[in-house]
Amino acid sequence: MGSRQIVDCRLTQFSLSQAILQYSAQKKEVALLLAFHAELHESRSKSDAAAPGRRGSELEVLHKSSVVLLTACWEAFVENILTEALEMIARDLKDPSQLHNDLLRSVAIAKGTKLSVSSKNELYPWFFVGEGWRELLLEYALSKISELNTPDSSGVRNLTLSLLGIEDITLYWGRPGKGAKDAADRLDEYLSDRHIIAHGAFSKTKFSKSYVTNYLGFLDITVKKTEVAVKDQLQKLGLTLP
């Protein structure tokens, strides 16, 4: 595999407002857990000075809950930003031929009963649906988005490629001190830890307050860079962004 190109993500003014607003609102629950962490820590320090083990165990439960919540915030953001982008495409794109052929072919196959024109050319039916392509595209896209089970780097990469034509969205995820591949790998590690927590398996990872704050900071940056990638692709399609 060739060298990975790093994408410049300095343009951050654009916002798919609902996706970002919902992410910001949902992550406040994590802030509440961290605030409760501080209260519990202070309370236990005063009343249970002789039982640091119990205090540590109680705090780790909060930290694990925060990891689960943060992962849910990330998954919801991915689903929301893709939904918002596809709604914009379905509403504002002038011609479906501007979409990449793999997407057109996939929709034609999935919606074959509605695109009832037989041809060896799988793109042929698109010439006969008129404005109906908008509804068909959105139905297909929402179905694929709902199938996202694990929003790791591979899952997000594949979904944004198939629906938006972004070759490798993880190339946008690089940041000072961490290249794009390292950022993608780190996301996968966080999601693996969440999986371990959810299934009650043993983990050598120490789920501390600093772990949670680092995960939150990592996602904040990844969310912004993912937003920029989606924005760039919509602009390539000639759409006027808000």
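These numbers come from a predicted model, not from an experiment.

Chemist: Looking at this structure, I do not really get the packing of aromatic side chains. What am I missing?
Modeler: In this description, a pair of aromatic rings is defined by centroid distance and the angle of the planes. On inspection of all chains with the given rule, the structure shows seven aromatic pairs. For the ring pair Y23 and F77, a centre distance of 6.1 Å and an interplane angle of 65° mean the geometry is edge-to-face. On the criterion of sequence distance, the pair formed by Y23 in helix α1 (residues 17–26) and F77 in helix α3 (residues 52–92) is long-range, its members being 54 residues apart. Just as Y23 is buried, F77 falls in that class too. Seen from their ring centres, F207 and Y211 are 5.2 Å apart, and the 75° between their planes marks the pair as edge-to-face.

Chemist: Can you walk me through the pattern of salt bridges in this structure?
Modeler: Close approach of charged atoms lets side chains of opposite charge pair. Enumeration according to the criterion identifies eight salt bridges in this entry. Of the charged contacts in the structure, one is a salt bridge between D102 and R105, with a shortest N-O distance of 3.0 Å. Residue D102 and its partner R105 are both found in helix α4 (residues 101–110); the two are separated by three residues, about one turn of the helix. In this structure, K144 and E147 form a salt bridge, with 3.3 Å as the shortest nitrogen-oxygen distance. Among the residues examined, K144 registers a relative accessible area of 28% and is labelled partly exposed.

Chemist: Which parts of the structure should I look at to understand helix α7 (residues 180–198)?
Modeler: One turn of an α-helix holds 3.6 residues; hence residues three or four places apart share an orientation. If you check α7, its first and last C-alpha atoms are 27 Å apart, about what 19 residues at 1.5 Å a residue would give, namely 27 Å. Burial in α7 covers these residues: A180, A183, A184, L187, Y190, L191, D193 and I197. Remark: G200 follows α7 within two positions and exhibits a positive phi of approximately 65°.

Chemist: How do you make sense of the packing of α4 against helix α5 (residues 133–146) when you look at a structure like this?
Modeler: The packing of two helices is summarised by the inter-axis angle and the distance between the axes. In contact at an axis separation of 10 Å, α4 and α5 are set at 90° when each is read in the N-to-C sense. In terms of orientation, α4 and α5 fall into the roughly perpendicular class. Contact residues: L103, S106, V107 and A110 in α4; L136, L137 and Y140 in α5. Classifying every residue of the contact of α4 with α5 gives six nonpolar, one polar and no charged.

Chemist: Help me understand the environment of L142 in this model?
Modeler: With respect to the helices and strands, the residue L142 is situated in helix α5. Using a relative accessible area of 36% as the deciding quantity, one classes L142 as partly exposed. Taking the C-alpha atoms as reference points, L142 and L86, separated by 56 residues in sequence, lie 8.4 Å from one another.

Chemist: Whenever I open this one, the side chain of S153 confuses me. Can you help?
Modeler: One can find S153 in helix α6 (residues 153–164). With a relative accessible area of 5%, S153 lands in the buried category. Sequence-distant contacts of S153, that is, excluding residues within four places in its chain, are made with T170, W173, A184, L187 and D188.

Chemist: Is there a simple way to explain the nonpolar core in this structure?
Modeler: Formed by 58 residues in total, the largest nonpolar core has its most connected members in W74, F77, I89, L99 and W173. For this core, the secondary-structure elements that each account for two or more residues are α1, α2 (28–47), α3, α4, α5, α6, α7 and α8 (209–236). Among the elements that make up this core, the one with the highest residue count is α3 (12 residues). Setting aside residues up to four positions removed in sequence, W74 forms contacts with P151, V156, W173, L187, L191, L219, T222, V223 and T226.

Chemist: Any chance you could explain the side chain of Q233 here in plain terms?
Modeler: With respect to the secondary-structure elements, Q233 resides in helix α8. When near neighbours in sequence (up to four residues on either side) are disregarded, Q233 contacts L164, G165 and I166.

Chemist: Help me understand the confidence of the model for the protein chain in this model?
Modeler: The predicted coordinates should not be examined in detail at positions where pLDDT is low. On average, residues of the protein chain score 81 in pLDDT, and 75% of them are at 70 or above. Note on residues 1–13: pLDDT is under 50 here. Beyond four places in sequence and across chains, it has 16 contacts. Throughout residues 115–120 the model reports pLDDT below 50, and contacts reaching past four residues in sequence, or to other chains, amount to 10 contacts.

Calculation notes
Residues numbered from 1 in each chain as written. Predicted model: local features only at pLDDT ≥ 70, side-chain atom pairs only at ≥ 80, totals over all residues. Heavy atoms only, no water. Phe/Tyr/Trp six-rings, centres within 6.5 Å; stacked < 30°, edge-to-face > 60°. Helix = DSSP H or I, 4+ residues; strand = E, 2+ residues; numbered from the N terminus. Buried < 20%, exposed > 50% of the residue type's maximum accessible area, 1.4 Å probe, protein only. Salt bridge = Lys/Arg side-chain N within 4 Å of Asp/Glu carboxyl O. Expected span 1.5 Å × (residues − 1). Axes fitted to C-alpha atoms, helices over the stretch in contact; angles between N-to-C directions. Parallel < 35°, antiparallel > 145°, perpendicular 65-115°, else oblique. Contact = heavy atoms within 4.5 Å. Nonpolar A, V, L, I, M, F, W, Y, C, P; charged D, E, K, R; others polar. Core = buried A, V, L, I, M, F, W, Y, C linked by side-chain atoms within 4.5 Å. pLDDT = per-residue confidence, 0-100.

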